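# Summary of the model geometry
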Amino acid sequence: MTGPIAVRTPLDDAQLAGLKAGDLCEITGVLFTARDAAHKRFLDAIKKGEELPVNLTRQVLYYVGPTPARAGQVIGSAGPTTAVRMDSYLEPMLANTGLKATIGKGHRSRPALAAMKKYRAVYFAALGGTGALLSKHIRKAEVVAYEDLGTEAVRRLEVERFPVYCINDLAGNDHYRQEKAKWQTWRRPQPAESYGEGLD
Amino acid sequence: MKRTTRRTVLRGEKRVKSSRRGASGPRVSTPRTLRGSRTVRTRVSATVRTADPARTARVLPASLISETVAALCKKMAVDLSPGYLDAMRKAVSLERSETGIVVLNTLLRNAELAKTEGLPTCQDTGVTIVHVKIGSEVRVEGATLEDAVNAGVRRGYEEGYLRMSVVGDPLLQRVNTKTNTPAVVHYEFVAGDRIWIRVMEKGTGAENMSQLKMLTPAAGKEGVRDFVMKVVDEAGPNACPPLIVGVGIGGTFDQVGWLAKQAVMRPMGAKNADPKYAAMEEDLLKSVNTVGSGPQGLGGLVTALEVRVEVAPCHIGALPVAVNLECHAHRVQEVTL
């Protein structure tokens, strides 16, 4: 394995095209945060033809809801949340905001992967449950929209060497599925004989 | 099995210590008495107790319950469950994937950093699940037990700078209660004069990948295994492996989910008391570790650290199975008052 790949935001086409599924990357620059509730508001704004409160052109969206910061801390614990919950919002987000990458954890659905391919965006995963470590890569954090949502408010984070794995690249590779297939020694039963319930 | 739990002495407790009672927690998968409670029954005349239970019952102030729950919530968010680090180190020695080993070591470093800096190990400090066993000879004064528990959760999450992750109405409003309450509280009534409280902070990444199925009796052991495999396979990276897999078998639709949750809430390393089910836990662990997900779903041999089975009697025509998944950020603490 080679060393981590340095990624800077905003993302340009050369950087995006150079990323391969499985690459360990370190992102330096700005990340915007949003999870379920903020996405709902983003989508409402898009539907009404309103401008979003943040400019996401060529930016990276990090799916996270941090714990509150204590005095003297930049942010609390801040690891990724499950990305698939944001999948129904992904296509309109990519189509309307110029967003180029998302960070979460876990699989993206087939429609989300298709949308990423269409709008030439990548998906990164940070390690779930490492919110304490990840918070150490965040140099600055400020709420920039939807403050009433508390942990779900939209934040602008300045990060330094923020570690992520590239899961889905522009070529359509899926690092999770490829690695799982390498290590899997179990064959899932066919649907007809599956799970023994005898009812479906 | 037969793990002992340290008796925590807390401020505000009214009774003098007893060297024999309540020195240990309940057995795993056994039943409904707190260990040592027999001593209480033989020591005290039953007639005196029934004559005026209110006068003779042991009294615990509600504030003590709240204080205890708050302390547990704060502690577990930054200091993962006892035995967890050992299980993770063992996982490092079993893993063959290079990335898997890197991931496991990163999780261990995260746990250490969390403890030293007092930062939550994971930002999802969860819904608070509380399991309470209440002795028949103890009562709580000053508030209902439920209010006392919820006050403790609120205080613990505020003081601990934990994330408030509960919405009041689940569908139409979805507004954050900003207190992390209400907690999910399960009660059990047992003999004795103690209150035992086990608390878990349950993140939703793994909870969302959990499943329940009403199998038919003909499905048998194979059917149960296939269902467990299906759930772990489908969970993939989403549930934040390495997992603890809680399997409930039997009971009814409502009961089987709670069985699975109790399995998840067991102390690390504790096996089912019945050797046949303990053996099944071992077999299931080997099986689920063939799905290939590995640590954080990046491929490998250690998809689960433990599989735990809890069972209950059920209807002649039923075989309910629930699989409750737990992420590697396993946060459970308990105390006997």
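Sequence order sets the numbering: in each chain, residues are counted from 1 along the sequence as written. In the order they appear in the text, chains get letters beginning with A and ligands get numbers beginning with 1. In keeping with the model being predicted, local features are shown solely for residues with a pLDDT of at least 70 and side-chain atom pairs are shown and tallied solely at 80 or more, while totals for entire chains, interfaces and linings include all residues.

Attention now goes to the pairing of strand β10 (residues 331-336) of chain B. All names here are of chain B. The buried count for β10 comes to six of six residues, which makes it a mostly enclosed element. Neither face of β10 is left uncovered, since the one carrying R331, Q333 and V335 and the one carrying V332, E334 and T336 both have all their residues buried. By the bridge criterion, six bridges tie strand β5 (residues 195-202) to β10 in an arrangement that is antiparallel. In the sheet register, M200 faces β10, and the bridge partner there is V332. Comment: burial labels come from other C-beta atoms within 10 Å of the residue's own C-beta, placed from the backbone, where a count of 20 or more is buried, 12 or fewer is exposed, and between is partly exposed. Only DSSP runs of H or I covering at least 4 residues are called helices, and only runs of E covering at least 2 are called strands; the numbering of each starts at the N terminus. Here, strands pair whenever DSSP counts at least two bridges between them.

Looking now at the interface of chain A and chain B. The interface of chain A with chain B comprises 43 residues on the first partner and 54 residues on the second. Counting only elements with at least two residues in the side of chain A that touches chain B, the list comes to α5 (131-135) and α6 (175-183) of chain A. No other element matches α6 of chain A, which puts six residues into the side of chain A that touches chain B. Any residue pair is listed as a contact if its two C-beta atoms, each placed from the backbone, are within 7 Å.

Moving on to the sheet that holds strand β9 (residues 319-326) of chain B. Residues and elements named next belong to chain B. The sheet built from four strands is open, its strands ordered β6-β9-β7-β8 with mixed pairing. The sheet terminates laterally at β6 (211-215) and β8 (304-314), the two strands that pair on one side only. Within this sheet the neighbouring strands show an average axis-to-axis angle of 15°, counted without direction. Alignment of strand β7 (residues 243-251) against β8, held across nine bridges, turns out to be parallel. If you follow I244 over to β8, its bridge partner there is E306. Sitting on the sheet, helix α10 (residues 253-265) is in contact with β6, β7, β8 and β9, with an inclination near 145° to β7. Axis definition: a line fitted to C-alpha atoms, limited for helices to the stretch in contact. Angles are taken between N-to-C directions and run from 0 to 180 degrees.

For the rest of this paragraph, the subject is the packing of helix α5 (residues 84-94) of chain B against helix α6 (residues 98-117) of chain B. Residue and element names in this part refer to chain B. For the pair α5 and α6, interaxial distance at closest approach is 9 Å and the crossing angle is 160°. If you check the angle between α5 and α6, you find them roughly antiparallel. Crossing of α5 over α6 shows left-handed handedness. In contact with L85, M88, A91 and V92 of α5, α6 contributes I101, L104, N105, L107, L108 and A111. Classification convention: Asp, Glu, Lys, Arg as charged; Ala, Val, Leu, Ile, Met, Phe, Trp, Tyr, Cys, Pro as nonpolar; all other residues, Gly among them, as polar. In terms of residue class, the contact of α5 with α6 is made up of nine nonpolar, one polar and no charged. Throughout, the term roughly parallel applies to angles under 35 degrees, roughly antiparallel to angles over 145, roughly perpendicular to angles from 65 to 115, and oblique to all others. Definitions for this section: a left-handed crossing has its near helix turned counterclockwise from the far helix by less than a right angle. A right-handed crossing has that turn clockwise.

Right, let's talk about the environment of I46 of chain A for a bit. Residues and elements named next belong to chain A. Mapped onto the elements of the fold, I46 is located in helix α2 (residues 36-47). A count of 17 C-beta atoms within 10 Å places I46 in the partly exposed class. Measuring from C-alpha to C-alpha, the distance between I46 and P92 comes to 7.9 Å, with 46 residues separating the pair along the chain. Here I46 is in contact with P92 and N96, once residues within four sequence places are set aside.

Another point: the nonpolar core. Nonpolar cores are built from buried Ala, Val, Leu, Ile, Met, Phe, Trp, Tyr and Cys residues. These are joined into a set through C-beta atoms within 7 Å. In this structure, F124 of chain A together with V228 and V245 of chain B are the most contacted members of the largest nonpolar core, which totals 140 residues. The leading source of residues in this core is helix α4 (residues 62-78) of chain B, at ten residues. Each residue touching V228 of chain B, except ones within four places of it in the same chain, is listed here: V245, V247, L284, V288 and V323 of chain B.

What follows deals with the confidence of the model for chain A. Detailed reading of predicted coordinates is not advised where the pLDDT is low. Averaged over chain A, the pLDDT score is 93; the fraction of residues at 70 or greater is 94%. Think of pLDDT as the predictor's per-residue confidence, scored from 0 to 100. Of the regions scoring below 50 in pLDDT, residues 194-200 of chain A engages in 18 contacts with residues more than four places distant in sequence or in other chains.

The next thing to look at is the packing of α4 of chain B against helix α7 (residues 145-159) of chain B. All names here are of chain B. As a packed pair, α4 and α7 sit with axes 7 Å apart at the nearest point and diverge in direction by 40°. With respect to their mutual orientation, α4 and α7 come out oblique. In the packing of α4 onto α7, the handedness of the crossing is right-handed. For the pair formed by α4 and α7, the contact residues are A62, I65, S66, E67, T68, V69, A70, C73 and K74 on the first element and L145, A148, V149, A151, G152, V153, R155, G156, Y157 and E159 on the second.

Here we come to unusual backbone geometry. Residues T9 of chain A and P10 of chain A are joined by a peptide bond in cis, for which omega reads -5°. With an omega dihedral of 10°, the bond running from P241 of chain B to P242 of chain B counts as a cis peptide bond. Along the chain, P242 of chain B falls in the loop between α9 (220-235) and β7. A positive phi angle is found at R120 of chain A, which is not glycine, with a value near 50°. Note on placement: R120 of chain A falls in the loop between α4 (110-118) and β5 (122-125). The exposure class of R120 of chain A is exposed, given the 12 C-beta atoms found within 10 Å. If you check the backbone angles, R161 of chain A has positive phi at about 50° while not being a glycine. A residue is classified by how many C-beta atoms lie within 10 Å of it, and R161 of chain A, with 13 of them, is partly exposed.

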